[in-house]
There are 2 protein chains.
Amino acid sequence: MSVTAPLGFRAAGIAAGIKSGDARDLALVVNDGPSRAAAGVFTANRVKAAPVLWSQQVLSGGRLRAVVLNSGGANACTGPEGFQDTHATAEKVAEVLDDSAGEIAVCSTGLIGERLPMEALLTGVQTAAGQLSRDGGLAAADAIRTTDTVSKISFKRADGYMVGGMAKGAGMLAPALATMLCVITTDADLTSEELDTVLRAATARTFDRLDSDGCMSTNDTVLLLASGAAGVRPDLAEFGQKVQEVCADLARQLLVDAEGASKAIAVEVVGAASEDDAVEVGRTVARSNLLKCAIHGEDPNWGRVLAAVGTTKAVFEPDRVNVAINGIWICRDGAVGDDRSKVDMRPRDVTITIDLSAGRHSATIHTTDLTAEYVHENSAYSS
Amino acid sequence: MSVTAPLGFRAAGIAAGIKSGDARDLALVVNDGPSRAAAGVFTANRVKAAPVLWSQQVLSGGRLRAVVLNSGGANACTGPEGFQDTHATAEKVAEVLDDSAGEIAVCSTGLIGERLPMEALLTGVQTAAGQLSRDGGLAAADAIRTTDTVSKISFKRADGYMVGGMAKGAGMLAPALATMLCVITTDADLTSEELDTVLRAATARTFDRLDSDGCMSTNDTVLLLASGAAGVRPDLAEFGQKVQEVCADLARQLLVDAEGASKAIAVEVVGAASEDDAVEVGRTVARSNLLKCAIHGEDPNWGRVLAAVGTTKAVFEPDRVNVAINGIWICRDGAVGDDRSKVDMRPRDVTITIDLSAGRHSATIHTTDLTAEYVHENSAYSS
């Protein structure tokens, strides 16, 4: 289903020869309208790849005719030449669609610091344009994979319209393990301002709360395109909910496919004085390598949780913090609680609940364990 | 040599049965004066172990008769009972030395969230007191080891006085991989205010610039004791230099012994607008799991360096940053520089130089690579 589930969208995914081998590496998603309203959210990294700089500029107009995405190269840290490559890619898409490059977004993912093979890429754009179809969503989702072991797609039906999406990556919007790219489409009719509001709210509660390894990519991009082809002006709250569901679904798929992970860890912070405090505590705990190793070893090491909480600026008193792992409150009032042998650490899903006893706010950050496989995947080759 | 190299100090290290097996686990360091001036620096973690809370209070008086240290248990997150255990330990030392508990510092290291076996510990204090000697420095350094594979000791001679030290741990003061404990002694004559100034300056440039895994312990403690037994009022600048040399020497020993590391990485930031910027950039790069994996794999992946730099608030322009690895400038002006195949990644020591082109300040942060052995050591058992 993916990005072509909603009316008004065609897509293609082909092997352009950007990657070695014959794997798909180029995707094209085209919005046939009648509306072209669009919004985007980009990496917070100050070192931004050329396609991010380009697409941010394009999105300032609030309209997108198409998105071209490639795996096999991030086109980041490639200087002015890299920006020209992105520009040329958008121009080529505009040419084959007989449209304007100013409404073409570009997304790239792969190794930083290498120029893209532009001849292969531009020929690929021509080929992809010839294969655009209403069934192309799956091939497009396949073409943006890098270390992803599976394609990530999602789809939700609402009252008279649909929301579809595809994503790649094994991390989060910011920070990110690896680049995260995501394209979401809808055939509902909305303004670009509405799309922007909805997209920011949805990503803030989904992709932004994944933190697989605390690293932030130079290329992260999430786009939302509305064709209006269903002819429906949706209820904005309902639409926001659907977009958030698609984002949450894709985020979950990214997490499960995170490089080398054997556990999916939810760090659930409750009793916080503010949502910001809850997010800060959740993120800090989710980034503790020591804790992530302990969870990998199926050790309910709440001492490492408290040591991480103690490095934050959140409102809490050390002797009022409670911690549960998989529902067993093994730390009460900052000290030993229930018997840790009662904690069943065998399931793949592990929930760490931290009660700060400081207020009524909460947030959940999702992460993974730290494994020898993660080290292997990230040391054995460049990515 | 260790802490008993300077005149006026005796020490002992014994097996009290706090750890299982017959390894040494209790150390006692006694200052026989004539001066008792002392200073301490403690973890910045808000979740502080009972011995840290106790010793901070003791040090507010600026005098120390003795330090008692145990491995085999951190006495952190142990509630009011844990604090009473620390208090009882200090009282016991005071009793055997016929002195005041208010001038006895306590340090503990080991698993968080478990009470110490107080009967064994108190009996151990009695035994250790009976074995105090001018040769006891090595045994004391041995007794504070946890996952340390070797004892860490240092010693510098100055004009008419000496500075000695011992440490345990495989990390830094704040944050820290594992608890870092360090006791430094001198037979020079200084006030506690002078010691405090010197110690803060020395630790800020040494232990504080180690960042093996970004985690911060609940127990980190560095103490500096002056006996005045040499009868020398030292030049303060020279004394500060000697203390910093001892700290740097011990910090280097900690880094080399970091859990599961195969590379010692120096992240050298130059051209920064301020020293704070240099430290922030160095620390952020030193904490990138992706980069640490790449270095482990002997991959001079400068893209991961730039991606980490981009997450900081330091003053820099992405297209003016240069990066060298082991002296080869593989990134110039934020893009591809010299041929990366020229970088020799085989040595254990790896230097990453980041030129922000934004000013004249610099700082170096020391870290290690991320290895499967690190994961194994920190997942296979509680610590």
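Residues numbered from 1 in each chain as written. Chains lettered and ligands numbered in written order. Predicted model: local features only at pLDDT ≥ 70, side-chain atom pairs only at ≥ 80, totals over all residues. Heavy atoms only, no water.

Visitor: Hey, could you go over the sheet that holds strand S12 (residues 328–332) of chain B for me, with residue numbers and the actual values?
Guide: All names here are of chain B. Judged by pairing direction, the sheet is mixed, and its 6 strands sit side by side in the order S13-S12-S11-S14-S10-S15 without closing on themselves. Whereas interior strands pair on both sides, the edge strands pair on one side only; in this sheet they are strand S13 (335–336) and strand S15 (361–368). Where helix H6 (residues 236–256) meets the sheet, its contacts fall on strand S10 (264–272), strand S14 (349–355) and S15, and the angle it forms with S15 comes to roughly 40°. In the packing of helix H7 (residues 275–286) onto the sheet, contacts are made with S10, S14 and S15, and the angle to S15 comes to roughly 20°. (Pairing = 2+ DSSP bridges. Helix = DSSP H or I, 4+ residues; strand = E, 2+ residues; numbered from the N terminus. Contact = heavy atoms within 4.5 Å. Axes fitted to C-alpha atoms, helices over the stretch in contact; angles between N-to-C directions.)

Visitor: Mind laying out the domain arrangement of chain A, listing which residues take part and the relevant values?
Guide: What the domain assignment reports for chain A is domain 1 (2–255) and domain 2 (264–379). Placing the centre of domain 1 of chain A and that of domain 2 of chain A at their C-alpha centroids yields a distance of 33 Å. (Domains from an automatic or database assignment.)

Visitor: How would you explain the sheet that holds strand S2 (residues 26–31) of chain A if you had to name every residue and give the values?
Guide: Residues and elements named next belong to chain A. With mixed pairing, 4 strands are arranged side by side in an open sheet as S1-S2-S4-S5. If you trace the sheet from one side to the other, it starts and ends with strand S1 (9–14) and strand S5 (104–108), each paired once. When strand polarity is set aside, the average angle formed by the axes of neighbouring strands in this sheet is 10°. Pairing of S1 with S2, which is carried by 6 bridges, proceeds in the antiparallel orientation. Its bridge partner lying in S2, Gly-13 is registered against Ala-27. Against the sheet, helix H2 (residues 79–97) engages S2, strand S4 (66–70) and S5, with an angle of about 130° to S5.

Visitor: Which residues make up helix H5 (residues 192–205) of chain A, and what values go with them?
Guide: Residues and elements named next belong to chain A. With 14 residues, H5 ought to run about 20 Å at 1.5 Å a step, and its terminal C-alpha atoms sit 20 Å apart, in line with that. Among the residues of H5, Ser-192, Glu-194, Leu-195, Val-198, Leu-199, Ala-202 and Thr-203 are the ones counted as buried. For H5, the angular spread of buried residues about the axis comes to 145°, placing them on one side. Residues Glu-193 and Thr-197 are exposed on H5 and point more than 90 degrees away from its buried face. (Expected span 1.5 Å × (residues − 1). Buried < 20%, exposed > 50% of the residue type's maximum accessible area, 1.4 Å probe, protein only. Arc of directions from axis to C-beta.)

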